[in-house]
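For reference, the chains in residue letters:
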Amino acid sequence: MTSVTLEIERLGERGEAVAKLSGRKVFVPFALAGERVLAEVEGERGRLLEVLSPSPDRIAPICKHYGVCGGCAVQSLAPSAYAEWKRGLVASALGNAGIAAEVAPLVDAHGAGRRRAVFHARDGAVGFMEARAHKIVEIGACPLFEAGLARALEAARALAQALKNTGKPLDIAVTSTAQGLDVDLRGSGALQEDEARALVALAEALDLARLSNHGRILALRRRPMIAVGKAKLSPPPGGFLQATAQGEEDIASLALQAIGKAKRVADLFCGSGAFALRLCEGARVDAFDENAEAIAALEEAVRTLTGAKPVAAHRRNLFDNPLRADELEAFDAVVFDPPRVGAAAQASELARSQVPAVVAISCNPQSFARDARVLIDGGFALEQVTPIDQFRYAAHVELVAVFKRAASRKRKAPLLSR
């Protein structure tokens, strides 16, 4: 490796500083735009050795593990500059797709903190991965967790210790609920009988609400429940939830504003109903997802509601079998929240439809921009884009976008198929 002085040009989409060396890009984690730094360089990777000329936006990080732990990319950037960088991630993705749209200021949705985390366990070490590496950084606590995750690391270490003889790397997903910690182990594969018994005993000793292995429940001491609007949801083991409760509220609020007085709404890639269970307060909802456990959890949560409009939950793979344009004619508005890969097939059908309003929720500005291009080319106007920050200091950003179509012809009766 060679030690060189670099002039940092900007922060990249992964939160790494970008500089030029002999005409090629070099990426330096933990440096900031406008700084002159000394870095050790190998290929396109740089390791920060010293900040020779700090940015006026440089501040002290809040965590002693910053600079080693890969969980946070940008802790040393002043709040206003940080918010503009995150907003810029969305603006850049849209610009690269040839989309001219005003991006609203970043919404801080950290709230009380992260309510879920995935810890990694390898060779007796438990924590988060080092930046751009497979080495685990063992941490004592994380300042970004909500109070309910205070004992999550303790539980993760105890569970990893119980399975150390398997010799397999583990991912330990922990969610904070009102009933206690909900833990799902991944990576161990099928358990031996004695291993399962030991884990059940640990769940008791650690006072876990629920313990699962690859989604199979090992111990259910108290059924985990999450408040979703006015509903009570028991998420499936290891099921997806938005990272912060505030983030879910803020995204849902924007979606509700966008659909206005719509009488019938489709919620696509609905998961366990984070949005369907709120949308139904004013509209009839058809919710679609391929995950059977998530659909079952949604159907159960619907039964906890009073005074809501009907919710019909449909199990359907929207990647292979998207709602067709003729099926979409039944709806006044569509909300869709696909995984990181986006929803190319469904976006194409939406573009062919006459749905008046579409609300897109995304955790990946690049795949969103691709899908947005399809909708715009199909005649939709992109009216609003709002970035949401529920992954504080990470290079991830959520967004909510609102598309509107000019007055459309009268829609036909539904032609839904499962």
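Summary of the structure given here. On a predicted model such as this, the values are computed, not experimentally measured, just so you know. (Residues numbered from 1 in each chain as written. Predicted model: local features only at pLDDT ≥ 70, side-chain atom pairs only at ≥ 80, totals over all residues. Heavy atoms only, no water.)

Some points on the overall build of the protein chain
- Within the protein chain one finds nine helices and 22 strands.
- Expected size for 418 residues packed as a compact globule is a radius of gyration near 22 Å; at 23 Å, the protein chain falls within 12% of this value.
- Projected onto its principal axes, the C-alpha coordinates of the protein chain cover approximately 65 × 55 × 35 Å.
- With 418 residues in all, the protein chain has 52% of them scored as buried.
- Long-range contacts, defined as pairs at least 24 residues apart, comprise 62% of the intrachain contacts of the protein chain with a sequence gap of at least 6. (Helix = DSSP H or I, 4+ residues; strand = E, 2+ residues; numbered from the N terminus. Rg over C-alpha atoms; globule rule 2.2 N^0.38 Å. Buried < 20%, exposed > 50% of the residue type's maximum accessible area, 1.4 Å probe, protein only. Contact = heavy atoms within 4.5 Å.)

Regarding the sheet that holds strand E12 (residues 210-213)
- Sheet architecture is open: seven strands sit in the order E9-E8-E7-E10-E11-E12-E13, paired in mixed fashion. Only two strands of the sheet have a single partner each, and these edge strands are strand E9 (136-138) and strand E13 (216-220). Going from strand to strand, the sheet's axes swing by 35° on average, the running direction of each strand aside.
- As defined by bridge partners, strand E8 (residues 125-129) adjoins E9 across three bridges and the pair is classed as antiparallel. Bridge pairing in E9 links Phe128 to Val137. (Pairing = 2+ DSSP bridges. Axes fitted to C-alpha atoms, helices over the stretch in contact; angles between N-to-C directions.)

Remarks on the packing of aromatic side chains
- Summed over the entire model, instances satisfying the criterion amount to eight aromatic pairs.
- Seen in terms of ring centroids, Phe368 and Phe403 are 6.2 Å apart; in terms of plane orientation they differ by 50°. Their pairing is tilted. A residue pair is termed long-range when its members are at least 10 positions apart, and Phe368 in helix H9 (residues 365-377) and Phe403 in strand E22 (residues 398-404) qualify at 35 residues. The pair Phe368 / Phe403 is uniform in exposure class, with both members buried.
- Three or more aromatic residues joined by ring pairs make a cluster, and in this case those are Tyr82, Trp85 and Tyr393.
- Across the ring face of Phe380, the terminal group of Arg405 is positioned such that the distance to the ring centre comes to 4.1 Å. (Phe/Tyr/Trp six-rings, centres within 6.5 Å; stacked < 30°, edge-to-face > 60°. Lys NZ or Arg CZ within 6 Å of the ring centre and 35° of its normal.)

Overview of the packing of helix H8 (residues 344-352) against H9
- The contact between H8 and H9 brings their axes to 8 Å, and the two run at 20°. The angle between H8 and H9 falls in the class roughly parallel. Crossing of H8 over H9 shows right-handed handedness. Between H8, through Ala344, Ala347, Ser348, Leu350 and Ala351, and H9, the contact on the second element is made entirely by Arg370, Asp371, Val374 and Leu375.
- The residue makeup of the contact of H8 with H9, split by class, is six nonpolar, one polar and two charged. (Parallel < 35°, antiparallel > 145°, perpendicular 65-115°, else oblique. Left-handed = near helix turned anticlockwise from the far one by under 90°. Nonpolar A, V, L, I, M, F, W, Y, C, P; charged D, E, K, R; others polar.)

Thoughts on the nonpolar core
- The biggest cluster of nonpolar side chains holds 92 residues, and the ones touching the most others in it are Leu6, Phe119, Ile172, Leu211 and Phe403.
- For this core, the element with the highest residue contribution is helix H1 (residues 79-96), accounting for seven residues.
- Here Phe403 is in contact with Pro356, Ala357, Val358, Ala360, Phe368, Ala372, Leu375, Ile376, Phe380, Ala381 and Leu382, once residues within four sequence places are set aside.
- Listed in part, the 39 residues of the second largest apolar core include Ile226, Leu233, Val265 and Val311. (Core = buried A, V, L, I, M, F, W, Y, C linked by side-chain atoms within 4.5 Å.)

Remarks on the sheet that holds strand E18 (residues 311-315)
- Here we have eight strands laid out as an open sheet, ordered E6-E21-E22-E20-E19-E16-E17-E18, and mixed in their pairing. Among the strands making up the open sheet, the edge pair consists of strand E6 (107-108) and E18.
- Bridge analysis of strand E16 (residues 264-268) against strand E17 (residues 284-289) gives five bridges, and the strand direction is parallel. In the sheet register, Leu268 faces E17, and the bridge partner there is Phe288.
- Along the sheet, helix H4 (residues 245-259) contacts E6, E16, strand E19 (333-336), strand E20 (357-362), strand E21 (381-389) and E22; its crossing angle with E22, the most-contacted strand, is approximately 5°.

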